[in-house]
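Below are the chains, spelled out letter by letter.
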Amino acid sequence: MVAKKHSTALEKVLFFLNEIGIDIVEKELDTTTFLPGLCLGSNCIYIDFEKLLYPGDILHEVGHLAVTTASERKLVETAAMPKDWPTQGDEIGAILWSYAAICHLELPLEFVFHPNGYKNNSDWFISNFKSGNYIGLPFLEWAGLTLSKNRAAVEGKKAFPIMQKWLRD
């Protein structure tokens, strides 16, 4: 099942990434990428539309860029990037960021949290998100990307899954 380059959901995702300042570079990728048809670069995502199986994976991968500091985002896929990147915290942040992106784009949760992803824990993530259990929210709030209900109420702003900004400084 190869992703259709011009599907409505995929077009929404690509437009959104352009809006938030993530470059999309279409190029042929080999089969050694972690996810078929996707690879992260310096403030960009490389997409091989012929190999891409799940367009929702784009949001998760970009989530890694989004929760990474701007200075480190420039180092992705270079020898200067810390060897432990992404950390477990970054991973949890990217998962929650992609959930916020799905909500923003008004796409079904299964678009990102499809049955063949997340080590067969997609249903667990969906269940938690639907019940308002946002694992990783303190990290996204600490990174300045969103606000918890309590802090949003104090500041008179909207709470997660509304994002205050999409990319970490």
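Reading guide: rules and limits
- Residues numbered from 1 in each chain as written.
- Predicted model: local features only at pLDDT ≥ 70, side-chain atom pairs only at ≥ 80, totals over all residues.
- Heavy atoms only, no water.
- Phe/Tyr/Trp six-rings, centres within 6.5 Å; stacked < 30°, edge-to-face > 60°.
- Buried < 20%, exposed > 50% of the residue type's maximum accessible area, 1.4 Å probe, protein only.
- Helix = DSSP H or I, 4+ residues; strand = E, 2+ residues; numbered from the N terminus.
- Core = buried A, V, L, I, M, F, W, Y, C linked by side-chain atoms within 4.5 Å.
- Contact = heavy atoms within 4.5 Å.

## Observations regarding the packing of aromatic side chains
For step 1, the next point in the chain: Tallied over the entire structure, the rule returns 14 aromatic pairs.
For step 2, the next point in the chain: Ring geometry for Phe113 versus Tyr118: centroids 4.9 Å apart, planes at 35°, classification tilted.
For step 3, the next point in the chain: For Phe113, a relative accessible area of 2% gives the class buried.
For step 4, the next point in the chain: Measuring from centroid to centroid gives 4.8 Å for Tyr134 and Phe160, while their planes differ by 70°, and the two rings are edge-to-face. Within this pair, whereas Tyr134 is found in the loop between α5 (122-130) and α6 (137-142), its partner Phe160 is found in the segment after α7 (149-155), the two being separated by 26 residues in sequence. The pair Tyr134 / Phe160 is uniform in exposure class, with both members buried.
For step 5, the next point in the chain: Three or more aromatic residues joined by ring pairs make a cluster, and in this case those are Tyr99, Phe113, Tyr118, Trp124, Phe125, Phe129, Tyr134 and Phe160.

## So, the nonpolar core
For step 1, the next point in the chain: Counting residues in each nonpolar core, the largest one holds 51 residues, and the members touching the most others are Ile58, Leu59, Trp97 and Phe113.
For step 2, the next point in the chain: Elements supplying a minimum of two residues to this core: α1 (8-20), β2 (38-41), β3 (44-47), α2 (56-66), α4 (88-105), α5 and α6.
For step 3, the next point in the chain: Here this core gets 8 residues from one element, more than from any other, and that element is α4.
For step 4, the next point in the chain: Setting aside its immediate chain neighbours within four residues, Trp97 contacts Phe16, Ile20, Leu59, Val62, Gly63, Ala66, Val67, Leu140, Leu145, Met163 and Trp166.

## Quick notes on the environment of Ile45
For step 1, the next point in the chain: Tracing the backbone shows Ile45 in strand β3.
For step 2, the next point in the chain: C-alpha of Ile45 to C-alpha of Phe15: the two residues are 30 residues apart in sequence and 13 Å apart in space.
For step 3, the next point in the chain: The residues touching Ile45, leaving out its near neighbours within four places in the chain, are Leu17, Ile22, Asp23, Ile24, Val25, Leu38, Cys39, Leu40, Ile58, Glu61 and Val62.

## Quick notes on unusual backbone geometry
For step 1, the next point in the chain: With omega at -10°, the peptide bond leading from Trp85 into Pro86 counts as cis.
For step 2, the next point in the chain: Tracing the chain through its elements places Pro86 in the loop between α3 (70-73) and α4.
For step 3, the next point in the chain: A cis amide bond links Phe160 with the next residue in sequence, Pro161, at an omega value of 20°.
For step 4, the next point in the chain: Phi is positive for Asn43, which is not a glycine, with a value near 55°.
For step 5, the next point in the chain: With respect to the helices and strands, the residue Asn43 is situated in the loop between β2 and β3.

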